[in-house]
Amino acid sequence: SAARARQSGTLTHPLPKGGEHTIAFAPLPQTPWMIVLEQNADEAFALPRQLEMQFVGLGLGAVIIGWVLAIVTTRRVVQPVNALIGASNAIAHGDLDHPLDVSGEGEVGWLARTFADMRARLKESRAEIAGWNRELEARVDQRTRELRALVESSHALTSTLDLDALFEILIREARGVLPAAEGI
C-alpha cells in the first residue's frame, strides 16, 4: 500500500526456512519507478545493531570516565577544603600550634597558604600579647610592692608623729597650693 502511494517504507516477513526477510522500497523522484531492495533481516540490520552496540559501549565508557573524573576532582577539592575546615575549628578553639598542609595547587592551595599565614600571624600576635601581659603583671607587682612599702612607712610615720601638728602643716601647704582653699 505504501508502494502504491509512492512513499518510502520497509516490510519484514518470515522466511520458510526460519529467520526474517526485509524489503525496503523508495520512489524515484519524477519517474514512475521505485527502488526495491531485498535482504536477509540479520544482514540488513547488522550494521545498525553494531553501531547501536558501539554507542552503548561509548556511552557506558563516557559515564565511567565521567564518574572517575568526578571522584578524582572531588577528592582534589573536598579533601583540602575539609582539612581547612578542621584547621579553622582548631584555631577557633585556640590551637595555633599545628601547621597546615599548603601543597595544593590552584585556588584551594592559595587559600591554604593564606590560611597558614594567618595562623602563624595569630600565633605571633598571641605570643606578643602574652609577653606584654607578663611585663604588665611584673610592673603591677613592682608598683604594689612600692605602694605597700609606702603605706607601711606612712603608718610608721603617723604612729610616731603628733597628728595635730601634721594636719596644720598639710593645711598650710594646701592653702599655698590651692588659692580656693583659703576658707579652710
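Cut-offs used in this document
- Residues numbered from 1 in each chain as written.
- Predicted model: local features only at pLDDT ≥ 70, side-chain atom pairs only at ≥ 80, totals over all residues.
- Heavy atoms only, no water.
- pLDDT = per-residue confidence, 0-100.
- Helix = DSSP H or I, 4+ residues; strand = E, 2+ residues; numbered from the N terminus.
- Patch = residues over 30% accessible without salt bridge, like charges linked within 9 Å, V, L, I, M, F, W, Y side chains within 5 Å.
- Areas by Shrake-Rupley, 256 points an atom, 1.4 Å probe, with all protein chains shown as cover.
- Salt bridge = Lys/Arg side-chain N within 4 Å of Asp/Glu carboxyl O.
- Pairing = 2+ DSSP bridges.
- Axes fitted to C-alpha atoms, helices over the stretch in contact; angles between N-to-C directions.
- Core = buried A, V, L, I, M, F, W, Y, C linked by side-chain atoms within 4.5 Å.
- Buried < 20%, exposed > 50% of the residue type's maximum accessible area, 1.4 Å probe, protein only.
- Contact = heavy atoms within 4.5 Å.

Trainee: Provide a residue-level description of the confidence of the model for the protein, including the pertinent values.
Mentor: In this model, the protein carries a mean pLDDT of 83, and residues with pLDDT of at least 70 account for 89%. Mean pLDDT values for the elements of the protein range from 73 in helix H4 (residues 163-177) up to 90 in helix H2 (residues 46-92).

Trainee: How would you explain a nonpolar patch on the surface if you had to name every residue and give the values?
Mentor: Taken together, the side chains of Leu47, Leu51, Phe55 and Leu58 make up a nonpolar region of the molecular surface, amounting to roughly 440 Å² of accessible area. Locating leucine 47 in the fold gives a position in helix H2.

Trainee: Go over the sheet that holds strand E1 (residues 9-14), please, and point to the residues and values.
Mentor: To summarise the sheet geometry, strands pair through backbone hydrogen bonds and adopt either a parallel or an antiparallel arrangement. Strands sit in the order E1-E2-E3 across an open sheet of 3 strands; the sheet is antiparallel. Each edge of the open sheet is held by one strand with a lone partner, namely E1 and strand E3 (34-40). Across the sheet, the mean angle from the axis of one strand to that of its neighbour is 15°, orientation sign disregarded. Pairing of E1 with strand E2 (residues 20-27), which is carried by 6 bridges, proceeds in the antiparallel orientation. Across the sheet, the residue bridging to leucine 11 is isoleucine 23, located in E2.

Trainee: I'd like to hear about the nonpolar core, residue by residue, with values.
Mentor: Core analysis: the largest hydrophobic core is formed by 8 residues, namely Leu84, Ala87, Ile91, Leu96, Leu100, Ala112, Phe115 and Ala116. Taken together, the elements giving at least two residues each to this core come down to H2 and helix H3 (106-160). For leucine 84, the contacting residues outside a window of four places in its chain are Leu100, Leu111, Ala112 and Phe115.

Trainee: Which residues make up the pattern of salt bridges, and what values do they have?
Mentor: Applying the stated rule across the entire model yields 4 salt bridges. Here aspartate 42 ties to arginine 49 by a salt bridge, and the two come within 4.0 Å at their closest N and O atoms. For glutamate 135, the salt bridge identified is with arginine 139, shortest N-O distance 2.9 Å. With a gap of 4 residues between them, glutamate 135 and arginine 139 both fall in helix H3, about one helical turn apart. Judged by its relative accessible area of 40%, glutamate 135 is partly exposed.

Trainee: Explain the side chain of threonine 22 to me, using residue names and the numbers behind them.
Mentor: Note on placement: threonine 22 falls in strand E2. Exposure remark for threonine 22: the relative accessible area of 7% places this residue in the buried category. Once you skip the residues sitting within four places of it in the chain, threonine 22 turns out to touch Leu11, Thr12, Leu37, Glu38, Gln39, Ala41 and Phe45.

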